[in-house]
Amino acid sequence: MSFPQAFVDPSSVAVVGASEDRAKWGYWLAAGALAGAGRRQVWLVNRRAAQILGRPCSPTVGDLPEAPDLVVLSVPPEHVRPVVRDALAKGCRAFLGITAGLGAEEAELASMLRRAGARMIGPNSLGLFNADTELLLAWGNFVPGSLAIVSQSGQLGSEIAGLGARAGLGVSRFCSVGNQLDVGAADVLETLVADEHTTTVALYLESFADGARIVSALRALRRAGKHVLVLATGASEGSRRLARSHTGSMTSALDVVDAACRAAGALRVATPRELVDAARVLDATAPPDGRRVAVISDSGGQGGIAADLAAAQGLRAEVFTDRLQAALRAMLPAAAAVSNPVDLAGAGEADLQVYARVAESVAASGEVDSIVLSGYLGCYGEDSPSLVDAESAVIDRLGRLHRTGAGHVPLIVHSMSASSPAVARLREHRVPVFDTIDAALGALDHATRLGGRPRPAPAAERTATAVPAAEPNGAAVPEPGYWAARAYLTALGIAMPEARRVTDAAGFAEACASLRPPLVLKAGWIEHKSEHRAVRTGLGPDTAAAAFREMYERLGPGEYVVEEQDTRPGVVEMLIGARRDRDFGPTVAVGHGGVHAELWRDVSVELAPVDRHMAAGMLDRLRSRRLLDGWRGQPAVDVEALIDAVVAVSEAIATGTGVADIEVNPIRVGPGGALAVDALVVSRSAREAEPEAEPESASAAAPEVEPEAATEGSPEAAPEVTGVNGHRETTEKQEKTSEHVH
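Here the structure is a predicted model, which means the values were calculated and not measured. (Residues numbered from 1 in each chain as written. Predicted model: local features only at pLDDT ≥ 70, side-chain atom pairs only at ≥ 80, totals over all residues. Heavy atoms only, no water.)

Visitor: Explanation requested: the sheet that holds strand β16 (residues 342–343) in the structure shown.
Guide: Across a sheet, paired strands are connected by hydrogen bonds in the backbone, their directions being either parallel or antiparallel. The parallel open sheet is built from 5 strands, whose spatial order is β16-β15-β17-β18-β19. The sheet terminates laterally at β16 and β19 (433–434), the two strands that pair on one side only. (Pairing = 2+ DSSP bridges. Helix = DSSP H or I, 4+ residues; strand = E, 2+ residues; numbered from the N terminus.)

Visitor: I tried to follow the confidence of the model for the protein chain on my own but got confused; where do I start?
Guide: Taken as a whole, the protein chain shows an average pLDDT of 87; of its residues, 86% reach a score of 70 or greater. Confidence over residues 236–250 falls short of pLDDT 50; this stretch has 64 contacts with residues more than four positions distant or in other chains. Segment residues 693–742 is flagged for pLDDT under 50; beyond a separation of four residues in sequence, or across chains, it makes 132 contacts in the model. (pLDDT = per-residue confidence, 0-100. Contact = heavy atoms within 4.5 Å.)

Visitor: I keep staring at the pairing of strand β25 (residues 585–592) and nothing clicks. Help me out?
Guide: Walk down a regular strand and you will see the side chains alternate between the two sheet faces. Burial runs high along β25: 8 of the 8 residues are buried. Joining the antiparallel neighbours strand β24 (residues 572–581) and β25 is a turn of 3 residues. Inspection of the sheet shows β25 paired to strand β26 (residues 603–607) by 5 bridges, in the antiparallel sense. Pairing of Ala589 across the sheet is with Val605, part of β26. (Buried < 20%, exposed > 50% of the residue type's maximum accessible area, 1.4 Å probe, protein only.)

Visitor: I'm lost on helix α11 (residues 322–329) in this one. Help?
Guide: Along an α-helix, a turn takes 3.6 residues, which lines up residues three or four apart on a common side. Buried within α11 are the following residues: Leu324, Gln325 and Leu328. Down the axis of α11, the sector holding all buried residues measures 100 degrees, keeping them to one side. In α11, the exposed positions angled more than 90 degrees off the buried face are occupied by Asp322 and Arg323. (Arc of directions from axis to C-beta.)

Visitor: Is there a simple way to think about the pattern of salt bridges in this case?
Guide: It is possible for side chains of opposite charge to pair when their charged atoms get near one another. The full count for this structure, using the stated rule, is 41 salt bridges. For Glu360, the salt bridge identified is with Arg397, shortest N-O distance 2.8 Å. Remark: Arg397 occurs in helix α15 (residues 388–404) and Glu360 occurs in helix α13 (residues 354–364); sequence separation between them is 37 residues. Judged by its relative accessible area of 26%, Glu360 is partly exposed. On the basis of relative accessible area, Arg397 is assigned to the partly exposed category, the value being 22%. Through salt bridges with shared partners, a single network forms among Arg119, Asp182, Asp187, Glu190, Asp210 and Arg213. (Salt bridge = Lys/Arg side-chain N within 4 Å of Asp/Glu carboxyl O.)

Visitor: Just to check I follow, could you spell out the environment of Ala279 for this structure?
Guide: Relative to the assigned elements, Ala279 resides in helix α9 (residues 272–284). Residue classification places Ala279 among the buried positions, given a relative accessible area of 1%. With 153 residues separating them along the chain, Ala279 and Pro432 place their C-alpha atoms 9.9 Å apart. Setting aside chain neighbours within four positions, we find Ala279 in contact with Leu147, Leu169, Thr200 and Leu229.

Visitor: For this particular structure, what's the right way to read unusual backbone geometry?
Guide: Excluding glycine, residues mostly have negative phi values, and the peptide bonds linking residues are mostly trans. For the bond running from Gly122 to Pro123, omega is -5 degrees, close enough to zero to count as cis. Mapped onto the elements of the fold, Pro123 is located in the loop between β7 (119–121) and β8 (127–130). In the segment running from Ala608 into Pro609, the intervening peptide bond is cis, with an omega of 5 degrees. Mapped onto the elements of the fold, Pro609 is located in the loop between β26 and α22 (612–620). Backbone geometry places Ala345, a non-glycine residue, at a positive phi of 55 degrees. Examined against the element boundaries, Ala345 turns out to sit in the loop between β16 and α12 (347–350). A residue is classified by how much of its surface remains accessible, and Ala345, at 30% relative accessible area, is partly exposed. Here the phi dihedral of Arg430 falls at roughly 60 degrees; this positive angle occurs in a residue that is not glycine.

Visitor: What should I look at first to understand helix α6 (residues 211–223) in this one?
Guide: The first and last C-alpha atoms of α6 sit 18 Å apart over 13 residues, in line with the 18 Å expected at 1.5 Å per residue. Across the 13 residues of α6, 10 count as buried, placing the element largely inside the fold. Listing the buried residues of α6 in full gives Gly211, Ala212, Ile214, Val215, Ala217, Leu218, Arg219, Ala220, Leu221 and Arg222. Contact partners of the buried residues in α6: α5 (185–192), β12 (200–205), β13 (227–232), α8 (253–264) and β26. (Expected span 1.5 Å × (residues − 1).)

Visitor: It is not clear to me how the sheet that holds strand β4 (residues 55–58) should be interpreted in this structure. Could you clarify?
Guide: If you walk across this open sheet you meet the 7 strands as β3-β4-β2-β1-β5-β6-β7, and the pairing is mixed. Looking at the sheet topology across the chains shown, the edges are occupied by β3 (51–52) and β7. As paired strands, strand β1 (residues 12–16) and strand β5 (residues 70–73) are joined by 4 bridges and run parallel to one another. Opposite Val16, over in β5, you have Leu73 as the bridge partner.

Visitor: Where do I start with the packing of aromatic side chains in this structure?
Guide: When we look at a pair of aromatic rings, we describe it by the centre distance and by the angle of the planes. Enumeration according to the criterion identifies 14 aromatic pairs in this entry. Aromatic pair Phe129 and Phe142: ring centres 4.8 Å apart, planes at 15 degrees, arrangement stacked. Of this pair, Phe129 sits in strand β8 while Phe142 is found in the loop between β9 (135–138) and β10 (144–151), placing the two residues 13 residues apart along the sequence. The buried category is assigned to Phe129, whose relative accessible area is 9%. When its relative accessible area of 13% is taken as the criterion, Phe142 is described as buried. Every member of this aromatic cluster is reached through a ring pair, and the members are Phe508, Trp525, Phe548, Tyr552 and Tyr560. For the cation-ring pair, Arg280 lies above Phe434, with the distance from its terminal atom to the ring centre recorded as 4.2 Å. (Phe/Tyr/Trp six-rings, centres within 6.5 Å; stacked < 30°, edge-to-face > 60°. Lys NZ or Arg CZ within 6 Å of the ring centre and 35° of its normal.)

Visitor: Sorry if this is basic, but what is going on with the side chain of Ser297 here?
Guide: Looking at the element boundaries, Ser297 is found in strand β15 (residues 293–297). Overall, Ser297 belongs to the buried group, its relative accessible area being 0%. Here the side chain of Ser297 touches Ser374 through a polar contact of 3.0 Å, landing on its backbone oxygen. Discounting residues that sit within four places of it in the chain, Ser297 has contacts with Gln302, Gly303, Val342, Asp343, Leu344 and Ser374. (Polar contact = N/O pair within 3.5 Å; in protein donor to acceptor, adjacent residues only side chain to side chain.)

What follows is the structure, given as structure tokens:
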């Protein structure tokens, strides 16, 4: 159903539960609605009052002279359904549900709305605000501005609005979506695309149901030139399901949210303060074109700290050219530092205009993308009133530079004063000013990250429930087991060791004769093999038969796989995983694999599919990236082969009809190519048949699963017999003590 205009600019509003008690919601809703009475008809409804706030009151919605365009519900939970039923009978089709605590009543309420073709924001909403249409249906007041706030938590949304107001950043639209019984965040986001009064959108969600549609809405906002900053919770959401793959246990909901933000050109921040700080910069200037930053300070200590913080944020305070250094040296005392950071060395005390002259020269040089001015500026007039005019003059000059400076180089100011007249004057010029350097550089970093465009959308917009037409590359949905997983990956073009499937000793002997030792023996139907001693490595002519006999007698009949062990030197063990996220659909991950996978927890995630450029970017974000280029005398490995495998797995999960999870761990990447030596593929039917795990607290560790890959001599593998193929067997000592390595 379409989003009613009644939620944006209703022709009439009825507040049910209106009150004169300022401690009650009914007061704030009634007072807010009446503030827009010059634009729309406002009715107040209360069974026990004839008049509220000087306006006549009706006992029920049914007693109103006509059907309101929007009905606001601020009544006890047990009265919500009767009020909605009467309002629907009156002809109302849009509701704002403030009331919380409906419990099981929500399902019937949703059914009532659906049958009538009506829409509701809430329940458990903290209201609506629209500065342009004079619509205020919320607790408190809002300062008009350009920031739209869409929040699942009304109170957190109010905190964002309050922080913004104190920093001079106002609100264009506010919508607390509450429990999203009907209207969801995506509905509201879509209406903001064409909102000319909104330049930045703040989004807070605790769950991302309808995630694919949210991503599509964020893309549309980005294409319309609006910036989106996202707050989210759920670092442990990855543990809501029992993870059958290492990738599932090593990634969280926030990893996927970050991937969705990258895909849409949005940015996730950690706190409301970070969000407001970034929004202040975006409200005042376009994002910088790059990450080169100039640090100008009147203190060597403050400049040094700023440079260190900039580097930690990934901003680059690069050394200026000789030409620019010479120009700065001509303006400053001999003791000044001019390479970047710039230390004015007391020049400001002699002539305040030096701040502007240095900033102008740096901005015009073409050598930086942004400028951070840090230190005492903003305090001169506050501490020495005789300097007020001189300081104001330099601030006016900096304001002109910020607005019209050469090459679009944004100016960010860190002042030791939080609220001096000079700081207020900087804000009048729309220069972002902060009272701590970490806040200034954090906001600049966030704004810079939003400077890029979102990645191109797939030809057809991704939907979480879309069912692709066929499996990729002829790869059929595999039956359970390692042999079927091998066939699936081989069909994707991913190389695997030569192998044979066997079921008895005779077949095993025949397979061994046709393969090159050393060999690996696996019980193919067991997913986590080391827990059951279901893998043996390093087998040769003298040990293979006995190993098979022992495993067969212990585990029984089944599908065994014997394969050639990868003994290539100079390999790096990586992992590739893909899964269907409940909210966002297909995702792909790549990271450091093998026995160290959980130790490193070094994984990069994107929405699938990805192309080669994106896959390369995923690798570049890994802490372990340098291992691929050769580390401490090791040869560089075939990164292109690894990229090919990441792309193939991403396309498989995105276009396949029946696969829920794919994991290749490890994929051993050497100078001569990549070889997958263990894999798990789970069908959607198998995944749907599993019971869902109980949610865990944010502090709970993700469930541990054993890496079926280890490297000889690794600390985790010390009590085990370990093979170079990345497989390991549990020793007799571990079996007796039940100490399994996970």
